[in-house]
Structures are given as structure tokens and as C-alpha cells.
Amino acid sequence: MGNRGMEDLIPLVNKLQDAFSSIGQSCNLDLPQIAVVGGQSAGKSSVLENFVGRDFLPRGSGIVTRRPLILQLINAKTEHAEFLHCKGKKFTDFDEVRQEIEVETDRITGSNKGISAVPINLRVYSPNVLNLTLIDLPGITKVPVGDQPADIEYQIKEMIMQFISKENCLILAVTPANSDLANSDALKIAKDVDPQGLRIIGVITKLDLMDEGTDAKEILENRLLPLRRGYIGVVNRSQKDIDGKKDIRAALAAERKFFLSHPSYRHMADRMGTPHLQKILNQQLTNHIRETLPALRNKLQSQMLSLEKEVEEYKNFRPDDPTRKTKALLQMVQQFGVDFEKRIEGSGDQVDTVELSGGARINRIFHERFPFELVKMEFDEKELRREISYAIKNIHGVRTGLFTPDMAFEAIVKKQVHKLKEPCLKCIDMVVSELATVIRKCSDKLNSFPRLREETERIVTTHVRDREGKTKEQILLLIDIELSYINTNHEDFIGFANAQQRSSQLTKKRAVPNQVIRRGWITISNISLMKGGSKEYWFVLTAESLSWYKDDEEKEKKYMLPLDNLKLKDVEKGFMSTKHIFALFNTEHRNVYKDYRQIELACESQEDVDSWKASFLRAGVYPERENAESEETGSTSDTFSMDPQLERQVETIRNLVDSYMGIVNKSIRDLMPKTIMHLMINNTKDFILAELLAYLYSSTDQNSLMEESAEQAQRRDEMLRMYHAIKEALHIIGDISTSTISAPLPPPVDDSWLASQSAGHSPRPQRRPHSAMGPPSRPPGVRGPTPGPPLIAVPVQPFGAPPIPSRPMPTNDAFGAPPQIPSRPARIPPGPPGLPSRRPPAAPNRPTIIRASEQSLLD
């Protein structure tokens, strides 16, 4: 005979686990552990066996359980047992399981009553159990025997505390009836870990071994030394029964007969015995499952809500419906156009917070990368003066010129304007690369239809390449227009008169003095090398200086570097370096900082480097020329000397070229973004919205375009299966909620006797429970037979007869509902002679319904 209550719970748990398994998740019920605590030979192992319904634990006198036994019950289709220390070996005979426990215990502890905290792990697989953990713990003892250490009591209590301290552990505090309950070590140690008594169930064993004339009625009625969850009495098999191979079915029948026939317990027989203990424990498991259901339901409902939007599209899905394909094609092309526009205009609903993308990257090209490329192509001072002097001399020829020739100015200007073609074309190439990335990201939503994605990318990319050619033609045309006519009457042009009076130092354009251009963290990679590595500082760049501080509070300034005569140059990354580096150096070969000719600055990405370079350009710090070294060394053929008159003419033309190139650069920097936006980006947006669909229809057959990928079909099937599985799981949870009942937590009781026991003074110690049959005024310590109240009449109802009408009566039962008192009690023989005839208090008594099948036990 197994645990009937557990067998009823198994289908509920299996349903939940099957529902969660169908959606690929685990149903984490985390059922409570059940631990038995008590003194030696209190009957702990018997209580545990009765709960499982199998006979497999060692028995005997004295200390039998000498190592913790962690018993894991696992629901399975076949029944067998496995030990952790015997991996791979399956035990189908439970007598062998008992022998293996004894052998393994002796292996660690020896055969002379030694103990060990090393647990024995046993797994029992059976279709008749739930996934639970049961713990059989050594009995509490005070006097060491055999090989036991002197501190045996302390060691066992520490061992017990390791298990019962867990919040999900139910504690069965087992105390034999023929000992003093007020001094129960099991109740004391259980109260230490659970002061509220929420997890403690008192179990009174060996009721059949009490002295004649004594009983534990008031204890079992929870009137004497009460617990919040009360006490349950059980009668286990004796050692003689075990030796005689008395099975659990016969033992339970004998236990039932004992409670029905005992005059002190028959009124509460339905609340006593192993079946009722099983019922209480199974009810706790039911309560736990019901408490877990809300969290499981919320988890499933949130998943269901996240799936509903996508599932809505698939509810009426028919793969071969042509109207569905046409509608899907139109929707996807429209969505592609909307996504492309959002990525360019920056109004996307999914904003990238990790890196720049789409229109933001194109904006950076327009206003950081392109201006930097223009500055890199600007003229170098020495090279420009050399070219101007050669131009003046070649124009004069054999004559000595008296005036500054304007043809030299025009020749130099046209040469500088012609150099602008390269950075302009490079800017267009960078924009095209970014557009290709945008197109690829926008087409990610077309992954369901691989052919459609491929065709869309091909058509749009081809159009962008076509517009690229037209944009480059237009930009080259703008530069040719600049070359076709040098407008010296421009309002911003300084003219010859002003050029002669202007100094070259004034041509260097700087921002407003003391204006902060940029702040940020940069790593100085070469200054701290001698100190063990690079170091990060907070930098502040103004129009006149570069300062760095210890941190961004800008209180402790490390150094301020003037920007005069500074230039930028790139530095190659080291072998182990992951940062991007550029350097500042002085054009007059002076030390930049202390003994360092240059200061190397490192950033995390190339984008940060480009952004800082653009900021330095605003401050007037320009990049190094590629031919700087050759300019410094020069050659004998290029060496020349200028007389004062030629030097004045070179200075004049130099100022004129500087003024005019500023006008041209300003115009090109303004027209480049406008031209690219008009001829390439905006045109591509219009093409996608107006013509892409027509190109798709003309490129190939619609059916081949809208062929689903295998991954998409699988994803749709999995999504629909997941959706229906979640609905089924929610339905199962609803059924469990309605088909199970939570037992309310019993109200608190006055268990201060446990607190006083913990403090070291227990109330009136007694060697055995007193008789509950004495008058109420009799002190608890008085023993022996005393007069008591008459027994309550118990109606015997034949099997199949209609129920006897009943009326409710209050009770202090901690586990059940109010009892029903029969309205027509049958007469039974009077009790033993000498008993007074006064009625007992009605509240603690509860009539027992005797089944017809059990009447033979009383006969």
C-alpha cells in the first residue's frame, strides 16, 4: 500500500511539467523537503517509510541511523533505486537497499556506533512518488557510546541544523509517547529554526507502549503543550513485526484498529495515524503547488502577450494563397521604404544606443571627415612660397619685373582648386558605403523571403551606384566651374591693396579666444611609459590651449599646452595596443611637454580620433604634410634665395591665394552635402517609394519572390505551437487552481512552553504523559487511572446508506474543518465501572465515522 495522497498529487505535477516541457521550459515547483527529527529509537525511520509506502530503512535498537540519509524521490515509469556512491548500479529489491545502507554506514563510521555528517544519497525512481526530498537524520543523544566522540550531542545537533534551517523544509518533530514531551529535544531544536511554528508538525509515536492507565489525549488534542500545527499520533511496527515481515498494509490496519478501539482516542481516530499524517503532508505539498501557481501563471501570461502580435499574423495563414503573397509583398516594400527613410532622417523607433548608424554616420562624414580631408589637401607654407616665386620668375622671363603679376596668382589658385577633387570624390565614396550598410540593415526584415531580399538589395544598390556616378559628375562640374573663372571681385576677397598690408601671421584663423571647443577623456600613451604605462586624463581644448586634468571635475590641472606652432600626425598602433593614436608636435622642433618632442594621444576608436582631429582643426591645429621631410631637407636644385622685392611680391600673392581659397573651400564645404543629399540620398528614397515595386515585378515571378525560407516556416510553426502550448498550460493551471483546495494556516497558539524550555527551565518535567481522564483540576504530574467522562456515542452507518443528518459544532482542531455531531447517536455499552457520568467538554471532541469495512476491526 503506497501513499494514496501522493498518488493523487502526481497527475497534477505531471500535467504542469508536461505543459512546461511542451514550450521548452522547466516547471520549477521546488517542492518542500521533509525531515524527521527526534531522539534515538523514537520511530523516525518508520514515520519516513510510512510516508513513502515502502519498507527499506535499517531498523534496530540504539542508534541505527548514524549518517544522514538524503532520499530523493523521482517520478519515473519503472521502480528502482540508485546510490550516489554506486553509480550505474540499479537496485530493484528494497531489501538489498537496506543492506547497502547498512554497509555504506559502516564503511565510514565503523561498526561500533560511530557517526558521520557525510550523507548517503539515495534516489528512488517510482511511478508512485512525487519529486521530493526526504531526510532521515540521526537521533539526538546525550551520552556517547562505542566509538562516538565526547561532543556527540553537539555534532548531531549541528548536523540536523544544516538540513532543517532551510525555509522549504517541513520538520516532523518525532517524540515517543512514553517519554516526557516537555523535555523533547526534537521540539526544542525545531523551534530554534522556526520560532513561528509554521513548519513544525508534532508526531507522537509508540502510543501502544504507554503504561496501562495512561494516555496522551490532551497532547494529541493540542491542549497540553500546544503547537501551531498540532500533533498527530502514529503506531509504527514493532521490531517483532519487522522481523516477522509484517507488511505496511497490515501495519496500517492494526494502527487503525488501535485508534478506533482505544477509549481515549476513538473520538479523534480520523485525525490520528499514518494515513492522516500522509494527508497533512500531502496537503502541505498541495498548498506549496498552489502558492507557486501565480508566479507560473504570470510567467506564461507575459510570454503569451509577447507572442500574440506575431501570432495574429499567422492565425489565418495559408501558404499558397496568391492574395496573401501580393499583400505581403506590398507591405514589405512599403516597410522597407519607411525603414530606409527613418534610418536616414533619424526618426527610427528603434534607436541604436551602441554606435552611430545611418544618417548620423553620414552627418559625421559631411561635417568631420570631409573638412579634415580638405585641410589635409591644403597648401603647405614653404611649398606654396616656393611655387609662387617660381611662377613669378617664369612669368617675367628674362625681364626683371617691377610689379606683381596677377597671372601668378591665378596659376597658383587653379592648382590649389584642382587638388580639391580628390577629397570630394573620397567623401562621395564614404557616403555610398554608408548607404550600402543602411540598405543591408533595412533588408533584414525581409529574411523570411530570401529571394525578395536578394532582389531588393540588388535593385536598390544598383540605383545607388548609378546615382553615385551622376553625383561625382556634378561635383567635378562644380570644381570645373570654380576653375573656369577666378572671381577677384568677390565681396570676401581682400584684393591687392589689403594683401600687401596683411601679415602672414594674421591669416591663421582661430576660434574666439578662450572659447572651449571640446572636453573629454584621452589617454596619454607615451608620457607615463617610464612609470609603467599609459594614463587617462580629462582634456579641455580651447582656441588657444590644450589643458588636461586629473578628472572631469577640472580642479587639479596637470598641464596647459599652448597651440602655437603645433601640428597633428598619425601614429601607428603598437603590436599589443588596441587603441588608435595620434600625436601633437611642434613645427619648430621644440619640446612639446618637458623633455618630450611630441605627446601621443590615444582613443578607443577611429571615430573618436577623427572627431578630436576635427576639433583641433577648429582650433587651428592642422595635420602634418606628407612631404614635410622633403621640404625640410630640400635639394640643391630647389634651393633659392629671394631678393627683398621678390619676397614682397611672394607675400602679396600668398595672401591673395589664402583669401581666395578660403572662399572656395567655404563654397565646396557648403555645396557637397547639398549635392549628395539631392542627387543621391533623396533620389534613392523617392526611387524606393515610387519605383522599387515595379522593378521587383519586372525582375522575376511573384511566386518565386515570395517563397518562404525553411527557417521562416519552422519559426512560424514553432511560434504557433508555443502559443497553443502556453494556452494549454494556462488552462491546466486554472484547472489545478479550481480542483485543489489550500488548507488555511492554523491560528497561533500559546507555545511559550517551548521558549521557556529553550531558556533552560521546562514546565513540570514528567517521565511519561499523564492520564487525560482525570478532572480538570488534577495537576498534570498526577499519574494513574482516575475517573473520567463517558464516551461519546459513535453512530455506525451501513455501507451505502444515506448520510445521517448532522449539525456543526466548533472545534479547536488545527487541521480540519468543524466536526459534525450526529443528531441521533446510537447507544453503546457504558464505559468501565466507576467512571462519572458528567459530559466532557464538547469542543475538543470529534466523532469518528466508522466505515462498514472497518467494523470487523472492532468486532
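Given the structure is predicted, the values throughout are model-derived calculations rather than measurements.

S.K.: Describe empty space enclosed by the protein, naming the residues involved and giving the relevant values.
M.R.: The tally for this structure, following the rule as stated, stands at five cavities of 30 Å³ or more. By volume, the second largest cavity is sized at about 70 Å³. Looking at the second largest cavity, it is lined by 10 residues, and the ones nearest its centre are Asn50, Val235, Asn236, Arg237 and Ala251. Where the lining of the second largest cavity is concerned, the elements lending two or more residues are α2 (44-52) and α8 (248-261). Among the elements that make up the lining of the second largest cavity, the one with the highest residue count is α8 (three residues).

S.K.: For the packing of helix α11 (residues 359-376) against helix α17 (residues 606-618), give the residues involved together with the corresponding values.
M.R.: Across the interface, α11 lies against α17 with an axial gap of 9 Å and an inter-helix angle of 55 degrees. With respect to α17, the axis of α11 lies oblique. Relative to α17, α11 is oriented so that their crossing is left-handed. Contacts between α11 and α17 involve Arg361, Arg364, Glu368, Arg369, Pro371, Phe372 and Val375 on the former and, on the latter, Glu607, Asp610, Ser611, Lys613, Ala614 and Leu617. When the residues that make up the contact of α11 with α17 are grouped by side-chain class, the tally is five nonpolar, one polar and seven charged.

S.K.: Run through the nonpolar core, naming residues and quoting values.
M.R.: Formed by 64 residues in total, the largest nonpolar core has its most connected members in Phe409, Val431, Leu435, Leu452, Met672 and Ile676. At the level of elements, α10 (322-345), α11, α12 (381-396), α13 (406-418), α14 (421-442), α15 (450-484), α19 (644-690) and α20 (692-699) are the ones that each hand at least two residues to this core. The dominant element in this core, judged by the number of residues it contributes, is α19, at 15 residues. Among residues more than four places away in sequence, those in contact with Met672 are Phe370, Cys424, Cys427, Ile428 and Ile475. With 43 residues, the next largest nonpolar core counts Leu137, Met159, Leu224 and Met268 among its residues.

S.K.: Can you tell me about the sheet that holds strand β3 (residues 80-83), naming the residues and giving the values?
M.R.: Taken in spatial order, the eight strands line up as β3-β4-β2-β5-β1-β6-β7-β8 in an open sheet, and their pairing is mixed. Each edge of the sheet is formed by a strand with only one pairing partner; in this case those strands are β3 and β8 (231-233). Between one strand axis and the next, the sheet turns through 25 degrees on average, direction left out of account. In terms of strand pairing, strand β7 (residues 200-205) meets β8 through three bridges, oriented parallel. Bridge assignment links Val203 to a residue of β8, and that residue is Ile232. Across the sheet, helix α4 (residues 152-164) lies against β1 (33-38), β2 (69-75), β5 (132-136) and β6 (169-176), angled at about 155 degrees from β1, the strand it touches most. Across the sheet, helix α5 (residues 185-193) touches β1, β6, β7 and β8, and the angle it forms with β6 is around 160 degrees.

Reading the values: the criteria
Residues numbered from 1 in each chain as written. Predicted model: local features only at pLDDT ≥ 70, side-chain atom pairs only at ≥ 80, totals over all residues. Heavy atoms only, no water. 1 Å grid on protein atoms, 1.4 Å probe; cavity = no way out; pocket = protein on both sides within 12 Å on 5 of 7 lines; lining within 4 Å. Points joined across faces, edges and corners; volume = space filled by probe spheres on them. Helix = DSSP H or I, 4+ residues; strand = E, 2+ residues; numbered from the N terminus. Axes fitted to C-alpha atoms, helices over the stretch in contact; angles between N-to-C directions. Parallel < 35°, antiparallel > 145°, perpendicular 65-115°, else oblique. Left-handed = near helix turned anticlockwise from the far one by under 90°. Contact = heavy atoms within 4.5 Å. Nonpolar A, V, L, I, M, F, W, Y, C, P; charged D, E, K, R; others polar. Core = buried A, V, L, I, M, F, W, Y, C linked by side-chain atoms within 4.5 Å. Buried < 20%, exposed > 50% of the residue type's maximum accessible area, 1.4 Å probe, protein only. Pairing = 2+ DSSP bridges.

These values are about where atoms sit, not about what they do.
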